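Letter by letter, the chains look like this.
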Amino acid sequence: MITEKNNVFYLETQNTEYIFAVHPNGTLQNEYWGARIGVCGGFPGKPSGDRGSNDPVEDFYTEEYSAWGGARFKECALKVSFADGNRDLKLHFASFSLNGETLDVVLKDDFYALWVTLHYTVFPQNDVIRRSVTVKNETENSVTVERIASAVLHLPGKRPFHIHNVSGAWSGEQQPFSETLQSGSMIFESRKGSTAHGNSPYFIAEQGCTEFSGDAYFAALEYSGNFKVCASRGADHRTQVLLGINDFDFAYILDPHAALDAPPVFFGFTEQGFSGVSNTVNRFALDHIFPKAFAEKPLPVLYNSWEALEFSVNIENQTALVQNAADMGIELFVMDDGWFGARKNDRAGLGDWFVNREKFPDGLTPLIDCVNRAGMDFGLWVEPEMVNPDSDLYRAHPDWVYHFPNRENRLLRSQLVLNLTLDEVQDYLYDCLSALLRENNIRYIKWDMNRAYSEAGAPNLGDNQKAMWYLHNRALFALLERLRTEFPAVSFEACASGGGRIDYGALHAFDMYWPSDNTEAVDRIRIQNGYSRMYPTKAMRAWVTDIGWNALRVPLDFRFACAMRGALSVGGNIGKWSKEELDTAAQYIALYKSVRDVIQFGDFYRIADLDTDEGLNAVQYVSRDKTRSVAILLTPFTQFHLQKERLLSLRGLDDHKTYRFTWNGETLERTGAFLNHVPLAFETKRTFDSRIVVLEAVEQSS
Ligand code: GLA
C-alpha cells in the first residue's frame, strides 16, 4: 500500500515500511526504512544547519535521489554535464502520481528542463519494493549523463553496519564475506562487461543478525552489465548505499527530448536474519522476476556431456549416451560446445553457428530424433556474443568486434567480443539462432559467454562510445527477448565461464544459471551456500560429475545429495558408469522428481554450516503450505572425534502439524513444534556421509 499525506510518502508492505518526504526546501529525503509502523505522522524530520564551512548541511541530508550540485560532497546518484559547460545539478520536487501500488515522483532541475522521475512499485505480499529512475532531457541541447545510480538507500541510525557481498573467481564463485563499514566507501563492482565472477550486484547490511533472527536490510540491482554497489559512511556517520550501472568508463549522451532508464533495484527489510533475506528474495524471484513461460514449471533433470567429451562431440558419441541418460530418468539431453563451425578446440569456430558436417553429416536431426524417441527433450550450447579470429564470421567481418584505433585486440580464450551495438551483428545472430531453433526441435539453449570485454571501442557510436557497456547489455537482452517471443517453448540458461552472469538482470531473460564450472561436490557446498544467500534455488543448475581431486572421488550418493540442492543434473561420463552407478543415479533422480517442487519452489533454510556446525552442512526446504519438507545433510569430513553424536534442528515447519519421516532407519511422527525446537540426534559413520530426509504432514483426524 502506498499513501501520500502532506507530501510524506508511506510505502507499506505486509511487514515493512519505507518513508520519504518533501522537505520545506523542496528536497526529497528518506525518513525511515524498517519494520511497519503505519501512516503515523512525525515526518519530515528537520535537517539541521551547516556544521561549519567544511560540512554543509547537504552532506547530512538523506536524499532519496541525490544529484551532484551545490555543496554536496558525499557519493551522489546522478551527475550530468549540460551543453553550456554547467555541471551543477539542482533537483527539487516537482510533482507525483500515485496509482495503486505504484508511485512516480518527479524532480526537476531549478533552471534546465532536465526531469528525473523516481518510479516505485510495492509488492505487499513479498515485503519487497522495487524502484527505478528515468532521466529526461527536455532542453534543446544534449546533456551528458556521467553517472546514474538506480537507487540510493539510507540505512537507519548512525551505528556502523556489517555489509555483506561475495568475492569470487572462476570456479570459486559466490564466496560470502562481510566487512564493517566505519568510514569511507566500500565498493562492489564489475568492469568486465558482464556481472562476472567477483562481486555480485547486491548488498546485505546488518548490525549483528544471525541466520534466523535479527534485522537485515538488502537490495539487488536488476542489471547484468558493469555494475557498482557503493556503501559509504561519512561525517554524518550514516550509512548510505548506491546501486547502479558502473560509472567507470561510462557516459551517456542524452539528445534533446530523449530519456534514459536506469535498471531497477528491489530492496527489503526482514527481522528474520539471513534466512529472512534468502526467503524474501527467493519468493520474490519466483513470483515476479523469472520469465513467465517457465516460472511455474519445475526445471527438468538435464544431462550434459561437456565434462565427459569436451569439444569432441559427434553423432556417434552423443547417440551412444542417449539410452543411459533416458534409463536413469533424464528429461533434457544437452549437447555442449563443439557441434558447429570448425570447432575442435577453443581456438576456432565461434561465430559460425552452422552444424559441423564432419561431426554431424546429416545435421542435428538424427541426434534430436534419437533423443526424442528416448522420451527426452534436446538442448544445445551456444556462445553468441563471441567470435574466434579463426572463423568464417571474423574473416568476413573483422570490424564487427569491439576495438580501438591503433591498438591490437587482446585475445582471451582465443576469442573476441562482438559489437552488439551494431544492428548488423544483432541481425546476424538473430538469423543464425532463429534458423537453428526453427529447423531443429530444440527446447533449451545454454547461452555461454566466456571472456571479459577489453578494448571496448565501438566506432559506430561516435561521441557516445562510453555508452557502449550499457547499450551492449540492452542489445543482448533485446536479442534474447526477440528469440523468446518467437520460440516460447525454449528455455534459456545463463552461463558465463561458470557463474559469471548471476544477477537479477539476467533472470528476466534466463530461466536458470550455471553457478560454476567447479562441479566438485565438496567445493560446491560453499559455492551453493554463498549463492543461496541472495539467489533463488530454482535457478541453480547443479550437476553430478566425475570430477575428483587427487584421485579421490566422493561417493555417488554424496554427489547426488549435493546436486539435489538445486536443479539436479548429470554431467559425468555416463557411458562409463557401471550398472550399479546407473541404478543409483536412477533412484536419486526418481527421488528428486518426487520432491523437486518442494526444493525448487519452497522456502529455504541453511540449518547447519560447515564452519560452525562441526563440519556438518545441512539445508532444508519447506513447501509454502508447510505440508512437505526436505532436508539434505552432508558431512564431507570424518570428524572422527565427533562421530558419536550430532544434533540437528529443523526450521520453518508448522507447529500445529504432525510430520512423518524416516530418521536413523525408523519411521517417526513428530509435531512441527517438536521438530522446530528439539534437535534430532544422529551419528555420522564415515567421511562423505549424506542424508536426504523427506517430511510429509500427516492428515489429522479431527
Ligand atoms: C564454459 C562453460 C562450460 C562449458 C564450456 C564450453 O567454460 O562454463 O560449462 O560449456 O564453456 O566451452
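All values derive from a computational prediction rather than experimental measurement.

Time to look at the packing of aromatic side chains. As enumerated under the stated definition, the model contains 41 aromatic pairs in all. Summarising the aromatic geometry, the rings of Y202 and Y535 are spaced 6.1 Å apart at their centres and angled 75° between planes, so their arrangement reads as edge-to-face. Of this pair, Y202 sits in strand β14 (residues 202-206) while Y535 sits in the loop between α9 (521-534) and β28 (541-544); the two residues are 333 residues apart in sequence, bridging distant segments of the chain. Judged by centre distance (5.8 Å) and plane angle (40°), the ring pair of Y531 and Y535 falls under tilted. Here the two residues Y531 and Y535 agree in accessibility, since each one is buried. Through successive ring pairs, a cluster of aromatic residues spans F9, Y18, F20, W33, F93, F96, Y120, F161, Y217, F267 and F269. Across from the ring centre of W68, 4.7 Å away, lies the NZ or CZ of K79, which sits over that ring.

On to the site of the ligand, then. Taken together, 13 residues form the shell around the ligand, and within it D336, D337, K446, D448 and D517 come nearest. Between the ligand and G498, the relevant distance is 2.9 Å, taken from an oxygen atom to a main-chain nitrogen or oxygen of the residue. Here the ligand loses 96% of its free accessible area of 300 Å² to cover by the protein chains. Considered class by class, the residues forming the shell around the ligand number four nonpolar, three polar and six charged.

The antiparallel open sheet is built from four strands, whose spatial order is β1-β2-β3-β4. Taken across any chain shown, the strands that pair with only one partner, and hence form the sheet edges, are β1 (2-5) and β4 (28-35). Each strand axis lies, on average, 15° off the axis of its neighbour in the sheet, ignoring direction. Inspection of the sheet shows strand β3 (residues 16-22) paired to β4 by seven bridges, in the antiparallel sense. Residue A21 lies in a different strand from β4, and its bridge partner there is Q29.

Pairing between side chains of opposite charge can happen when their charged atoms approach one another. Enumeration over the complete set of coordinates arrives at 34 salt bridges. Ionic pairing is found between D247 and K228, a salt bridge with its closest N-O pair at 3.0 Å. Here D247 is found in the loop between β17 (239-245) and β18 (252-254), whereas its partner K228 is found in strand β16 (residues 227-233), with 19 residues between them in sequence. Its salt-bridge partner being D546, residue R559 comes within 3.9 Å of it at the nearest N-O pair. Pair noted here: R559 is in helix α10 (residues 556-563) and D546 is in the loop between β28 and α10, with a separation of 13 residues, a long-range link.

Taken N-terminus to C-terminus, the directions of α9 and α10 make an angle of 15°; their axes are 10 Å apart at the nearest point. Judged on the interaxial angle alone, α10 and α9 are roughly parallel. Both α9 and α10 take part in a crossing whose hand is left-handed. Contacts between α9 and α10 involve A521, V522, R524, I525 and Q528 from the first element and F558, R559 and C562 from the second. Of the residues contributing to the contact of α9 with α10, the split by class is five nonpolar, one polar and two charged.

What follows is about the packing of helix α7 (residues 423-439) against helix α8 (residues 468-486). Across the interface, α7 lies against α8 with an axial gap of 11 Å and an inter-helix angle of 30°. Of the possible angle classes, the one that applies to α7 and α8 is roughly parallel. Between α7 and α8 lies a crossing of right-handed hand. Between α7 and α8, the residues in contact are Q426, D427, L429, Y430, L433, S434, L437 and R438 and A475, L479, R482, L483 and E486, respectively. Of the residues in the contact of α7 with α8, the class split is seven nonpolar, two polar and four charged.

Glancing now at the pairing of strand β11 (residues 161-167). β11 sits mainly inside the fold: five of its seven residues count as buried. Bridging between β11 and strand β12 (residues 175-181) involves seven bridges; their strand directions are antiparallel. Of the residues in β12, the one forming a bridge with N165 is F177. By the bridge criterion, three bridges tie β11 to β14 in an arrangement that is antiparallel. Counterpart to I163 in the pairing with β14 is A205.

Right, let's get into empty space enclosed by the protein. Where empty space is left becomes clear once a probe the size of a water molecule has been rolled over the atoms. Enumeration over the complete set of coordinates arrives at ten cavities of 30 Å³ or more. Size it by volume and the largest cavity reaches roughly 140 Å³. For the largest cavity, the lining is made up of 18 residues, of which Q528, S532, F604, V619 and Y621 are closest to its centre. Contributions of two or more residues to the lining of the largest cavity are made by α1 (273-289), α9, β30 (603-608) and β31 (617-622). Broken down by element, the lining of the largest cavity gets its largest block of residues, five residues, from α9.

Time to look at α10. Owing to its 3.6 residues per turn, the α-helix brings residues three or four apart onto one side. Buried residues dominate α10, accounting for seven of its eight residues. Along α10, the residues that are buried comprise L556, F558, R559, F560, A561, C562 and A563. Among the structural elements, α9, β28, β29 (567-570), α11 (579-601), β32 (628-635) and β37 (689-697) are those in contact with the buried residues of α10.

Every second residue of β29 is oriented toward a common face, with A567 and S569 on one face and L568 and V570 on the other, all of them buried. For β28 and β29, the ladder comprises four bridges, and the chain directions are parallel. Its bridge partner lying in β29, R541 is registered against A567.

Here is what the cut-offs are and how they apply
Residues numbered from 1 in each chain as written. Predicted model: local features only at pLDDT ≥ 70, side-chain atom pairs only at ≥ 80, totals over all residues. Heavy atoms only, no water. Phe/Tyr/Trp six-rings, centres within 6.5 Å; stacked < 30°, edge-to-face > 60°. Helix = DSSP H or I, 4+ residues; strand = E, 2+ residues; numbered from the N terminus. Buried < 20%, exposed > 50% of the residue type's maximum accessible area, 1.4 Å probe, protein only. Lys NZ or Arg CZ within 6 Å of the ring centre and 35° of its normal. Near = heavy atom within 4 Å. Polar contact = N/O pair within 3.5 Å; in protein donor to acceptor, adjacent residues only side chain to side chain. Areas by Shrake-Rupley, 256 points an atom, 1.4 Å probe, with all protein chains shown as cover. Nonpolar A, V, L, I, M, F, W, Y, C, P; charged D, E, K, R; others polar. Pairing = 2+ DSSP bridges. Axes fitted to C-alpha atoms, helices over the stretch in contact; angles between N-to-C directions. Salt bridge = Lys/Arg side-chain N within 4 Å of Asp/Glu carboxyl O. Parallel < 35°, antiparallel > 145°, perpendicular 65-115°, else oblique. Left-handed = near helix turned anticlockwise from the far one by under 90°. Contact = heavy atoms within 4.5 Å. 1 Å grid on protein atoms, 1.4 Å probe; cavity = no way out; pocket = protein on both sides within 12 Å on 5 of 7 lines; lining within 4 Å. Points joined across faces, edges and corners; volume = space filled by probe spheres on them.

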